[in-house]
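Each chain is listed here by its residues.
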Amino acid sequence: MGRRGFAFPAMFFLLGLFWFLPPAGAQRTNRTGTCQTETLGREFITSYMEECGNSSQFEMQISGYFAFTSVSVSISNYSFEEKIMVNQGEMVPVRLPESVGIKGSTNFSKVVLVKADKDISVVSVSNKHMNPETTVLYPVSSLGNEHYIVTPSTQSLDSYPEFSVMTYEDHNRVEVHVKGMLRYETGVYSTGTKLEIKLHAFQGIQLQGIADLSGTRIVSEKPVAVLVGQVCFCNNTKCNHVFEQLLPVCSWGTTYIIPPLPWQKVDEMVYITASQNTTVLYQLGEQQDNVTLAGGSVLQRPVKRWIPVSISANVGIQVVFYSVGAAVPNSSHAFLMNVPDVASYCPMYSINAQEGFENFALMVANISETGAIILDSQPLRDVVWNRVPGTEFVWGMRPLGPAMSSHAVEHPRSPFALLSVGTATMDSYGIPGSCRKNVTFQCQTETSQIKEPLKRCKGVFLRGNNSEFCSFMNSTLVNLETMCAEDRAVSLQEVARPFGSFLNSSTLSAHGKERKGEVASAVTLLLQSVELAALTAALRSPNNTTQTVTTETMAIETLVVPAAGPCDEVFRLRAQNETMDIHCDTVTRAATEDSWAVAFISYSTLDSIIDKRFLDEGDLTADEKLRNFHLNSRVVSGAVGNGRPMNISKPVFFTLRHRQTIKEEEETRCVHWKFIAGKGTWAEDGCTVLHTNTTHTNCSCDHLSSFALLMDHTGVKESYPLKIITYVGLTLSLLCLLLAILTFLLCRSIWNVSTSLHLQLCLCLFLADLLFLTAVTRTGSRVVCAVIAGFLHYLFLACFTWMFLEGLHLFLTVRNLKVVNYTSASRFKKRFMYPFGYGFPALVVAISAAVNPGGYGTSKHCWLSLDRGFHWSFLGPVCAIILINLTFFLATLWILRDKLSSLNEDVSTLKDTRLLTFKAIAQLFILGCTWSLGLFQVGSAKMVMAYLFTIVNSLQGAFIFLVHCLLNRQVREAYRRWIKGTRKPSPTIQTGSVSVSTVTTSTKMVSWGEPSTSSP
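Values in this document were obtained by computation on a predicted structure and should not be read as measured data. (Residues numbered from 1 in each chain as written. Predicted model: local features only at pLDDT ≥ 70, side-chain atom pairs only at ≥ 80, totals over all residues. Heavy atoms only, no water.)

### Some points on the confidence of the model for the protein chain
Scored by pLDDT, the protein chain comes out at a mean of 76, with 73% of its residues at no less than 70. Of all the helices and strands in the protein chain, strand 48 (residues 1006–1007) carries the lowest mean pLDDT, 29, while strand 11 (residues 172–177) carries the highest, 95. Within the model, the stretch residues 233–237 combines pLDDT values under 50 with 24 contacts to residues more than four positions away or in other chains. Here residues 986–1016 scores under 50 on pLDDT; set against residues more than four positions off or in separate chains, the count is 72 contacts. (pLDDT = per-residue confidence, 0-100. Helix = DSSP H or I, 4+ residues; strand = E, 2+ residues; numbered from the N terminus. Contact = heavy atoms within 4.5 Å.)

Here it is as structure tokens:
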């Protein structure tokens, strides 16, 4: 992997490379020794072999797993030391001087030493002549006393094998049992020779071979680190070098599976080493080969293209994979890679696709468990699984794309193997996936959310400074890490007590705009830490039962349930006065062991910390409409499995108690806490209100996080001016409606279908306004109030139904202007008008009452309840009628504009289209536009819209009387006659007058089946 393509981005080894660490509780019955090789540790040693060519670059890639980890990189007996700080989920490269490379076959003191105050993982990078190679370094605690050398064979004269042995801080004696031929200092030693070499602390030896050194045995009094390599190895490709840190014999396994490389064109190699006599079963596809292998010997076997290999033995063996590079010139170069044994498989991995490479995830899994593998929180799709003959395993390959990206691959219960491999021009790499310890993974907060604050605090600590905010972040993380690191049962009291004290920190009560981001970051970290600690305590509970704890600052309840497959039970967890209902089948996939845990936390004071001082300025809201809201409940958190935010298959239900009793007109929203780009946000997405009353609200959410209630404290309240406007306006409307009803009944000159429609509308509106004015607040009797609400629902719906019929009649009347004697309107008979006008609202009310009989009547008004969206039984038909009448209005204007001139001469001579258009607009306004104002009573203009809605609708009766009576020439003449006390016969034809209610021509016109009064 050339430096050009293999840049090792900062997230490459995000969660460490500890392939050989078994899952928690796994039994190592097939291990040769008792040691367990891990990749996480606090002390590492290594060295760098002689450079190849004119350019060498040496680098340490240090990955952190805990916040504010201090790391020192130094070279023994050399004036070099670099101190860095690495955060959780962060990789920091440290460039070493070129002179660190060891030349020749000799003793050396330039041992590279890495020390940290918390666990880290380290990858060593040796880039020689544009041919880089990498190896995972194993911590000092994982070193062993016995190793066997493996070096790839070569036909090239300008390359040779080499290996180095290093000791730690004690004097050591090393025995080298030579196999092959090697140089040491000035001598040459061949097979059978034993070299005894004494090493001081932080010393090493480098030995170079004249021929293949595979099988050479290294034995030491105290643990040592052993590196093997090949200098300027030339086989099939340009000059390559390889190197790898070997595993001690005590960590070897007995069963191995090797999947083929995706880009493989030629035979690759596998080297099998035995420390004692054994029989090795080597199976290449369907072909089996039993080989008796003597202790200390190395077996070389091919790995064919697209054919998996399985290897097993009755004692521990070492298996090293060697990719020889492609046969095409200038293509991918060789690399060495330790192959993990089956006993070291684990259920959770992290891998990173590299920029500029064709990246692949190679997986080996149990044949019955592939369907449950999850990639980046989604089920693994589009993978062709191929059987590994002779085993219960299958292997599969998943392309990851050429972009730099981090991926999490996991199985809820079954261990599997994962290799991260990639190829590019002259470059290739292969490295085991990062096996994640259960406790380490569960106790890591979401790095992406607090990455910037941690980075800022890292700079503060590196400069030797301090800050209250950074001290809070460090204390919270240390408390979480300490709790998770303890190998014992942890009670919820031990969780609530220390984290509860953090809620009283002055960091969370800081004021000022510049401190709000710090408060949001601190709150986010605290919420995540409490969730993770509570889940860890639950899983470590010896009895796996329900646990509860209540303190002054928080209440926690946890539940542990065995992962026994699908179930249909709903669990209720309670903390203080809040509850959470969760379906057991929604979270079983979150289980990583034989059981899964659920935690529910209620915070007593957190809502006062992140309340008005944030929301008033919109700092915590993604939607401007939430600026007029404030928190009206405790903050609660729900978490399952490993504590990570996750979408779930079935919703979770929360019941939250109000801090303050709310009024019906006040709006409540269920929200959850987000932290994006350093800013805290209360967001509604994924959460809905199911039911609310004066004291509690039920929420449904499709994910788990931290939740609360927001209440609108600037809603439209009862106001004296609005009440006065309502009473005065409705009284005036009732008077005008009564006059309109008398007019439509007594004025014979305007009798027709249109008048009948006006009459029914006025009657319904008169009764509705009268009932509203006299009985809408009579809530003393629940039954009486429900009956009043039902009648109001019916009467107002009847008004809108007759409004719809008026709109239809207006459209048909104007449409008749297009063609004289157009008679389709005559098909609508009066006997259909009345059943529809009064029957449709009755049907809607009957269905509404049957579906939700409790929806009629509230504690404040005898009207429709807002619970369960019941008010849409009225708003739905209203909106539909408004839209239909709007369509009628637009069609009417179109006809008046384009078709009026086509009428016969008698009608065309009226020339009063302006009056006709005006009445059409007024008609639409009366038919429902006034009611649409009620739909805009939101946001900052809510009070203005409330006044407009009240004024316009309370005067609707007056508008009807104005348009249909006072603006009608015939009605005005009738009024004058009544006032003068004279009775004159009505003329047959009123020339020069055009009305929406009556359109006359010299030709007989039919409207809704009733002849015009002007017909001859």
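Further notes follow.
### Side note on the packing of aromatic side chains
Inspection of every chain in the model, using the stated rule, returns 20 aromatic pairs. On the basis of an interplanar angle of 50 degrees and a centroid distance of 6.3 Å, the ring pair of Phe321 and Phe335 is categorised as tilted. Placement of the pair is Phe321 in strand 23 (residues 309–323) and Phe335 in strand 24 (residues 335–338), with a sequence separation of 14 residues. Assigned by exposure class, Phe321 and Phe335 land together as buried. (Phe/Tyr/Trp six-rings, centres within 6.5 Å; stacked < 30°, edge-to-face > 60°. Buried < 20%, exposed > 50% of the residue type's maximum accessible area, 1.4 Å probe, protein only.)

### Description of a nonpolar patch on the surface
Where nonpolar side chains cluster on the molecular surface, the patch consists of Leu732, Leu735, Leu738, Leu739, Leu742, Leu745, Leu746 and Trp978 and spans about 730 Å² of accessible area. The element contributing the most residues to the nonpolar patch is helix 8 (residues 720–746), with seven residues. Here Leu735 is to be found in helix 8. (Patch = residues over 30% accessible without salt bridge, like charges linked within 9 Å, V, L, I, M, F, W, Y side chains within 5 Å. Areas by Shrake-Rupley, 256 points an atom, 1.4 Å probe, with all protein chains shown as cover. Salt bridge = Lys/Arg side-chain N within 4 Å of Asp/Glu carboxyl O.)

### With respect to the sheet that holds strand 33 (residues 427–432)
Taken in spatial order, the five strands line up as 29-30-26-32-33 in an open sheet, and their pairing is antiparallel. At either end of the open sheet lies a strand with only one pairing partner, and these are strand 29 (386–387) and strand 33. Where strand 29 and strand 30 (residues 393–401) come together, two bridges link them in antiparallel fashion. In the sheet register, Arg387 faces strand 30, and the bridge partner there is Val394. (Pairing = 2+ DSSP bridges.)

### Quick word on the environment of Glu286
Assignment of secondary structure puts Glu286 in the loop between strand 20 (278–284) and strand 21 (287–293). In this structure the C-alpha to C-alpha distance between Glu286 and Val388, which are 102 residues apart in sequence, comes to 8.8 Å. Apart from the residues within four sequence positions on either side, Glu286 is in contact with Arg387 and Pro389. Separated by 2.8 Å, the side chains of Glu286 and Arg387 make a polar contact. (Polar contact = N/O pair within 3.5 Å; in protein donor to acceptor, adjacent residues only side chain to side chain.)

### As for the pattern of salt bridges
Evaluation of the coordinates by the stated rule reveals 14 salt bridges. Here Glu221 makes a salt bridge to Arg173, at a shortest N to O gap of 3.0 Å. Of this pair, Glu221 sits in strand 16 (residues 217–233) while Arg173 is found in strand 11, placing the two residues 48 residues apart along the sequence. Linking Arg659 and Asp607 is a salt bridge whose minimum nitrogen-to-oxygen distance equals 2.8 Å. Linking Arg659 in the loop between strand 42 (647–657) and strand 43 (668–676) with Asp607 in helix 6 (residues 606–609), this pair joins segments that are 52 residues apart in sequence. When salt bridges that share partners are traced, they join Arg173, Glu175, Lys194, Glu196 and Glu221 into one network.

### So, the packing of helix 9 (residues 753–775) against helix 16 (residues 956–966)
Look at helix 9 against helix 16: their axes get within 11 Å of each other, and the N-to-C directions meet at 160 degrees. Accordingly, the angle class assigned to the pair helix 9 and helix 16 is roughly antiparallel. Two packed elements cross with a definite hand, and for helix 9 against helix 16 that hand is left-handed. Packed against helix 9, whose contacting residues are His758, Leu761, Cys762 and Leu765, the element helix 16 presents Gln956, Gly957, Ile960 and His964 at the interface. The residue inventory of the contact of helix 9 with helix 16, partitioned by class, reads four nonpolar, four polar and no charged. (Axes fitted to C-alpha atoms, helices over the stretch in contact; angles between N-to-C directions. Parallel < 35°, antiparallel > 145°, perpendicular 65-115°, else oblique. Left-handed = near helix turned anticlockwise from the far one by under 90°. Nonpolar A, V, L, I, M, F, W, Y, C, P; charged D, E, K, R; others polar.)

### Some points on the pairing of strand 12 (residues 181–184)
Every regular strand shows the same layout, with side chains that alternate between the two sheet faces. Here strand 12 shows a buried face lined by Leu182 and Tyr184 and an unburied face lined by Met181 and Arg183. Note that strand 12 and strand 13 (residues 187–190) share four bridges and pair antiparallel. Along strand 13, the bridge assignment pairs Tyr184 with Gly187. Between strand 12 and strand 13, which pair antiparallel one after the other, the connecting turn spans two residues, and Glu185 there sits at a positive phi close to 55 degrees. As judged from the two bridges shared by strand 12 and strand 15 (residues 204–209), these two strands associate in the antiparallel manner. Residue pairing in the sheet places Leu182 in a bridge with Gly209 of strand 15.

### A look at helix 9
Helix length check: helix 9, at 23 residues, gives a terminal C-alpha distance of 33 Å against a target of 33 Å (1.5 Å per residue), a fit within 8%. Within helix 9, 17 of the 23 residues are buried, leaving the element largely enclosed by the surrounding structure. (Expected span 1.5 Å × (residues − 1).)

### A short note on the state of the cysteines
Counted according to the given criterion, the structure contains four disulfides. At a sulfur-sulfur separation of 2.2 Å, the disulfide partner of Cys457 is Cys470. Looking down the S-S bond of the Cys457 and Cys470 bridge, the torsion is -90 degrees, so its handedness is left-handed. Placement of Cys457 in helix 2 (residues 447–462) and of Cys470 in helix 3 (residues 468–485) is noted, with a sequence separation of 13 residues between them. Cys457 sits in the buried class, given a relative accessible area of 0%. Accessibility expressed as a relative area gives 2% for Cys470, which makes it buried. Cys670 shares a disulfide with Cys699; S-S distance 1.8 Å. An S-S torsion of about -75 degrees defines the bridge between Cys670 and Cys699 as left-handed. Note that Cys670 is positioned in strand 43 and Cys699 in strand 46 (residues 696–703), a separation of 29 residues in sequence. Take Cys670 and Cys699: they sit in the same class, and that class is buried. (Disulfide = S-S within 2.5 Å.)

### What about the packing of helix 16 against helix 17 (residues 969–980)?
Helix-helix packing: each pair is described by the crossing angle between the helix axes and the interaxial distance. In the contact formed by helix 16 and helix 17, the axes pass within 7 Å of each other and the chain directions differ by 90 degrees. As summarised for this structure, helix 16 and helix 17 are arranged roughly perpendicular, according to the angle between their axes. Contacts between helix 16 and helix 17 involve Phe961, His964, Cys965 and Leu966 from the former and Val971, Arg972 and Tyr975 from the latter. Grouping the constituent residues of the contact of helix 16 with helix 17 by class yields five nonpolar, one polar and one charged.

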